[in-house]
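Spelled out from the first residue to the last, the chains are:
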Amino acid sequence: MNFASPHQRFNPLTREWVLVSPHRARRPWLGQVEKIPVENIPPYDPKCLLCPGNTRINGIPNPAYEATFVFDNDFPAVLTPEANAADAGAPASSAEAAAALPPALFAAEPVSGLCRVVCFSPRHDLSLPELSQAEVEMVARTWAEQTVDLGSHDFINYVQVFENKGAVMGCSNPHPHSQIWTTSSIPVEPAKELAAQREYLQAHDACLLCDYVAAERANGARMVCANQHFTALVPFWAVWPFELMVISHRHVASLPELTPAEISSLAEVLRHVTAKYDNLFEISFPYSMGFHQSPTDQSPHPEWHLHLHFYPPLLRSATVRKFMVGFEMLGMPQRDITPETAAERLRALSERHYKLR
Ligand code: H2U
Ligand code: ZN
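Treat the numbers as computed from the prediction; the structure is a model and nothing was measured.

Thoughts on helix H8 (residues 339-348)
When H8 is considered as a whole, its buried residues turn out to be Pro339, Glu340, Ala342, Ala343 and Leu346. Seen along its axis, H8 keeps its buried residues to an arc of 160°; they face one direction. Seen from the buried face of H8, the exposed residues on the opposite side, beyond 90 degrees, are Glu344 and Ala348. Turning to H8, the residues buried within the fold contact strand S1 (7-11), strand S7 (223-226), strand S9 (244-248), helix H6 (260-281) and strand S14 (334-335).

So, a nonpolar patch on the surface
A cluster of nonpolar side chains, contributed by Leu49, Ile57 and Phe75, occupies part of the molecular surface with about 320 Å² of accessible area. The topology assignment puts Phe75 in the loop between strand S3 (69-72) and helix H1 (81-88).

Things to note about the nonpolar core
The biggest cluster of nonpolar side chains holds 53 residues, and the ones touching the most others in it are Trp143, Phe242, Leu266, Phe310 and Leu346. Counting residues per element, this core draws most heavily on H6, at nine residues. Those residues in contact with Leu266 that lie beyond four places of it in its chain are Ala140, Phe230, Leu255, Leu258, Phe291 and Leu308. Core analysis: the next-biggest nonpolar cluster, separate from the first, contains 13 residues, Val18, Leu209, Val213 and Leu233 among them.

Focus on the pairing of S3
Here S3 shows one buried face, formed by Phe69 and Phe71, and one open face, formed by Val70 and Asp72. Where S3 lies against strand S4 (residues 115-119), four bridges are found, and the strand directions are antiparallel. Looking at S4, one finds that Val70 is bridged to Val118.

Remarks on the side chain of His353
By secondary structure assignment, the location of His353 is in the segment after H8. Of the residues examined, His353 reaches a relative accessible area of 2% and is grouped as buried. Excluding anything up to four places from it in sequence, His353 contacts Pro129, Glu130, Ala275, Asp278 and Asn279.

Some words on the environment of Leu315
Among the secondary structure elements, Leu315 is positioned in strand S12 (residues 314-317). On the accessibility criterion, Leu315 (11% relative accessible area) is buried. Sequence-distant contacts of Leu315, defined by excluding residues within four places in its chain, comprise Pro241, Phe242, Phe281, Val320, Arg321 and Lys322.

Description of the pattern of salt bridges
The tally for this structure, following the rule as stated, stands at 15 salt bridges. Residues Glu340 and Arg9 are paired through a salt bridge, measuring 2.9 Å at the closest nitrogen-oxygen approach. Remark: Arg9 occurs in strand S1 and Glu340 occurs in helix H8; sequence separation between them is 331 residues. As far as burial versus exposure is concerned, Glu340 and Arg9 are alike and both buried. The salt bridge involving Lys355 is made with Glu130; its shortest N-O contact spans 3.6 Å. Of this pair, Lys355 sits in the segment after H8 while Glu130 sits in the loop between S4 and helix H3 (133-151); the two residues are 225 residues apart in sequence, bridging distant segments of the chain. We classify Glu130 as buried; its relative accessible area is 16%. Because the salt bridges share partners, they merge into one network encompassing Arg9, Glu216, Arg222 and Glu340.

Rules of the game
- Residues numbered from 1 in each chain as written.
- Chains lettered and ligands numbered in written order.
- Predicted model: local features only at pLDDT ≥ 70, side-chain atom pairs only at ≥ 80, totals over all residues.
- Heavy atoms only, no water.
- Buried < 20%, exposed > 50% of the residue type's maximum accessible area, 1.4 Å probe, protein only.
- Helix = DSSP H or I, 4+ residues; strand = E, 2+ residues; numbered from the N terminus.
- Arc of directions from axis to C-beta.
- Contact = heavy atoms within 4.5 Å.
- Patch = residues over 30% accessible without salt bridge, like charges linked within 9 Å, V, L, I, M, F, W, Y side chains within 5 Å.
- Areas by Shrake-Rupley, 256 points an atom, 1.4 Å probe, with all protein chains shown as cover.
- Salt bridge = Lys/Arg side-chain N within 4 Å of Asp/Glu carboxyl O.
- Core = buried A, V, L, I, M, F, W, Y, C linked by side-chain atoms within 4.5 Å.
- Pairing = 2+ DSSP bridges.

What follows is the structure, encoded as structure tokens:
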């Protein structure tokens, strides 16, 4: 197998393929150019809806918080079963009235859940790599506590913790924050990973990601950084140019299972990879990231291995992003630079943020 020629690679977690076209990385770019993110952000913004003491859109004031701050999303994507039940009395819409449609082609089912926002810090201007080790540990502990709290509701079967960062990713507010959406159904991506990890365990009597992270650590080509408890790497099947996975070394299924030492290592790896990201083009690097942890459906999950994905859209500079269009919408995802090249570039970058040097 020659990785310098076009080829496709298999993602064992989603069981989908990605097309790799290394020779295409040099093609000229005359397309859309993104704005460079604003750099002079104030530590406190009186107009920010997330800053301490400010009033949110629904009129509720934020407390004068000093560390992390969690609140129920004022515009939740899903509602509690009680709120859904209250809506059930409303007259059926014309879509629902067409009741005789064949369910094999027109399937729909109710979804309930809760959505929260987790502010990382009272500081409006500091992103993850600029926060201290102790502050990021506090963020990681908050995610773990929220997973326990939200997962304990019997109508919640999945807890999705994620961060959307940067205007390119549709996040308008630089105030450092993540979101937690929880659902009664298991969302599409974790559901694919659940099935793949379960079948791998049955077929090999071993955990998919335990085997994968061990093989990557032995090989080294896609490694980005690591500490005692976590490895950050560009997955062999990465779709986004600088996509990363962070995988725990110990076979744990969820954030609440991490020991204090592992929480500390997780915080360190998060600070290091996000510093590398920012150092790549010396800008605040946009991405969507999130944890994939086991469903909170009260069933045992021996197959599940805790990990997180970073999906950054930027391609070759601060202003040129990758678009998932054309063949990628209609055929399959495709990438130009190889995961090995991306890993080599990220590996070479300092773990110290350029603004803190
Ligand atoms: P993003 O910028 O990552 O989308 O996150 C902002 C979230 O915060 C968004 O889900 C919520 C929005 O609904 N929010 C509130 O709940 N109240 C507010 O006053 C502002 C934003
Ligand atoms: Zn703010």
